[in-house]
Amino acid sequence: MQPILITGIGKRLGLAMAKDLMAQGYPLIGTYRSHYTAIEDLKAAGAELYRVDLLQNSEIKAFIAEVKNKHESLRAIIHNASDWMPERPDTDAAKVFDSMMQIHASVPYQLNLALAPLLETDEIGCRDIIHISDYVAQKGSKKHIAYAASKAALDNLTLSFAAKLAPGVKVNGIAPALMLFNDQDDTAYRQKALAKALLPKEGGEQEMLTAVKYLMSSRYMTGRTLSLDGGRPLK
Ligand SMILES: NC(=O)C1=CN([C@@H]2O[C@H](COP(=O)(O)OP(=O)(O)OC[C@H]3O[C@@H](n4cnc5c(N)ncnc54)[C@H](OP(=O)(O)O)[C@@H]3O)[C@@H](O)[C@H]2O)C=CC1
Ligand SMILES: Nc1nc2c(c(=O)[nH]1)N=C([C@H](O)[C@@H](O)CO)CN2
């Protein structure tokens, strides 16, 4: 089985996807920023991991060169790495905007262009690029303006790369709303967030894993984004 490349595999949804795909037998290539014990566990299980600060283009270029040097083909690329930066009075607006566009749009753009040759195949729709987006890409967010705009840019990359890489490679997105709370989310925040959807619950890791599995099993969907949002638009 050809390897699957996932960015941001150190924790939460990225870690869950890495574990699930390795359990299905796929060799894993992953990037991480912070070092957690989970990184060592994945390495012990055979994962090929690279510490890459995705805000540094020099590190991205070095990572691409290593992957192209070591591998002739890839089964899929999953762009999961993300920073959920809010606007704050004391933060540099230009830095926030540039960081959000870098990690959510420039990194997928650079990796897709550079690694597309490793995804090439004669079989229709049997290789995948998956962009992990966000419900707010289509709705906006008054507290995460640059973040939402960068995820909207990512959604547009889904359209362009789907057209460019067909018919061998499918390019789709997954746009979650509330998938996992963060530990620091207090009760009031959690209750407010849950109340925004028709289905008042966290989507959870399995919801993401099921969506990834569907996209990889499809041979006829490309250029689309799966909305895992609990019916938020209808609330
Ligand atoms: N959780 C949710 O409810 C929702 C999540 N999503 C999307 O789903 C995906 C996964 O979400 P979730 O697991 O919560 O994400 P997290 O924010 O918990 O983790 C994101 C990962 O990306 C890594 N990362 C962030 N910045 C960089 C960087 N500069 N260089 C390298 N790696 C970096 C983080 O590394 P580090 O550990 O060092 O911080 C972390 O491992 C994301 O794309 C997110 O936007 C969308 C909607 C809802
Ligand atoms: N990189 C991240 N992106 C997002 C996160 C997160 O923790 N990391 N969390 C959310 C929220 O769950 C939001 O969807 C509901 O409050 C959004 N994006």
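You'll find the structure just up there.
Being a predicted model, the structure only gives us computed values, none of them experimental.

(A) Inspection of helix H3 (residues 57-70) at higher detail. Relative to the 20 Å expected for 14 residues at 1.5 Å per residue, H3 spans 20 Å between its end C-alpha atoms, a close match to the ideal helical length. For H3, every residue scored as buried is listed here: Ile60, Phe63, Ile64 and Val67. The buried residues of H3 occupy one face: seen down the axis, they fall within an arc of 100°. In H3, those exposed residues whose orientation departs by more than 90 degrees from the buried face are Ser58, Lys61 and Asn69. The inward-facing, buried residues of H3 abut strand E1 (4-7), strand E2 (28-32), strand E3 (48-51) and helix H4 (93-119).

(B) Layout of the pattern of salt bridges. Inspection of every chain in the model, using the stated rule, returns four salt bridges. Ionic pairing is found between Asp128 and Lys170, a salt bridge with its closest N-O pair at 2.6 Å. Note that Asp128 is positioned in strand E5 (residues 127-132) and Lys170 in strand E6 (residues 169-176), a separation of 42 residues in sequence. One exposure class covers both Asp128 and Lys170, and it is buried.

(C) Focus on the site of ligand 2. Near ligand 2, the surroundings consist of Arg12, Ser82, Trp84, Asp134, Tyr147, Ala177, Leu178, Leu180, Asn182 and Tyr189. Between ligand 2 and the protein, one listed contact pairs an oxygen atom with a backbone N or O atom of Ala177 at 3.0 Å. Relative to its unbound accessible area of 400 Å², ligand 2 is 79% covered by the protein chains. Split by residue class, the shell around ligand 2 holds six nonpolar, two polar and two charged.

(D) Region of interest: the nonpolar core. Formed by 37 residues in total, the largest nonpolar core has its most connected members in Phe63 and Leu115. Of all the secondary structure elements, the ones that give two or more residues to this core are H3, H4, helix H6 (145-165) and E6. Per-element accounting of this core gives the leading share, 11 residues, to H4. Membership of the second largest hydrophobic core comes to 32 residues, among which are Ile4, Leu209, Val212 and Leu215.

Cut-off values and rules
- Residues numbered from 1 in each chain as written.
- Chains lettered and ligands numbered in written order.
- Predicted model: local features only at pLDDT ≥ 70, side-chain atom pairs only at ≥ 80, totals over all residues.
- Heavy atoms only, no water.
- Helix = DSSP H or I, 4+ residues; strand = E, 2+ residues; numbered from the N terminus.
- Expected span 1.5 Å × (residues − 1).
- Buried < 20%, exposed > 50% of the residue type's maximum accessible area, 1.4 Å probe, protein only.
- Arc of directions from axis to C-beta.
- Contact = heavy atoms within 4.5 Å.
- Salt bridge = Lys/Arg side-chain N within 4 Å of Asp/Glu carboxyl O.
- Near = heavy atom within 4 Å.
- Polar contact = N/O pair within 3.5 Å; in protein donor to acceptor, adjacent residues only side chain to side chain.
- Areas by Shrake-Rupley, 256 points an atom, 1.4 Å probe, with all protein chains shown as cover.
- Nonpolar A, V, L, I, M, F, W, Y, C, P; charged D, E, K, R; others polar.
- Core = buried A, V, L, I, M, F, W, Y, C linked by side-chain atoms within 4.5 Å.

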